[in-house]
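Fold and contact review
Residues per chain, in single letters:
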Amino acid sequence: MPLNHSNSKAAVSANIKLIVDEWKQSGHIGTSHPRTKMQAVKQAVAVALSTADRSLKKKITSSKK
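What you see is a predicted model, and the numbers here were worked out from it, not measured in a lab. Sequence positions are assigned chain by chain, starting from 1 and proceeding in written order. In view of the model being predicted, local features appear only for residues whose pLDDT reaches at least 70, and side-chain atom pairs are presented and counted only at 80 or more, with totals across whole chains, interfaces and linings using the full set of residues. Based on all heavy atoms of the structure, the side-chain values leave hydrogens and waters out of the count.

**Brief notes about the overall build of the protein**
- Strands here are runs of E lasting at least two residues and helices are runs of H or I lasting at least four, both read from the DSSP assignment and numbered beginning at the N terminus. What the protein contains, in helices and strands, is three helices and zero strands.
- Going residue by residue from the N terminus, the α and β elements of the protein occur as α-α-α.
- Any residue under 20% of the maximum accessible area for its type is buried, any over 50% is exposed, and the rest in between are partly exposed; the area is computed with a 1.4 Å probe on protein chains only. The 65 residues of the protein split such that 25% are buried.
- The contact criterion used throughout is that any non-hydrogen atoms of two residues lie within 4.5 Å. Contacts spanning at least 24 positions in sequence make up 44% of the contacts within the protein whose residues lie at least 6 apart.
- Only the protein chains shown count as cover for residues, with accessible areas throughout obtained via the Shrake-Rupley method and a probe of 1.4 Å. For the protein, the exposed area adds up to about 4,900 Å²; of that, 59% sits on carbon and sulfur atoms.

**Regarding the environment of K17**
- Of note, K17 is situated in helix α1 (residues 9–26).
- According to the relative accessible area criterion, K17 is exposed, its value standing at 53%.
- Spatially, the C-alpha atoms of K17 and V45 are 9.3 Å apart, while their sequence positions differ by 28 residues.

Dropping the structure here:
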């Protein structure tokens, strides 16, 4: 299933869940093979934020203004 490119929190959360579920089934995310669920979740967060064209840096700097 393709990832949602929306910038909303719900879309990012749904993408993270989708990526982690795919990792549980296949054992890989893209071309990498995270060994633990925590590593898979961290990578899923990075992929989901990248897909949504967001980053933690953008989020932090915009909230400080």
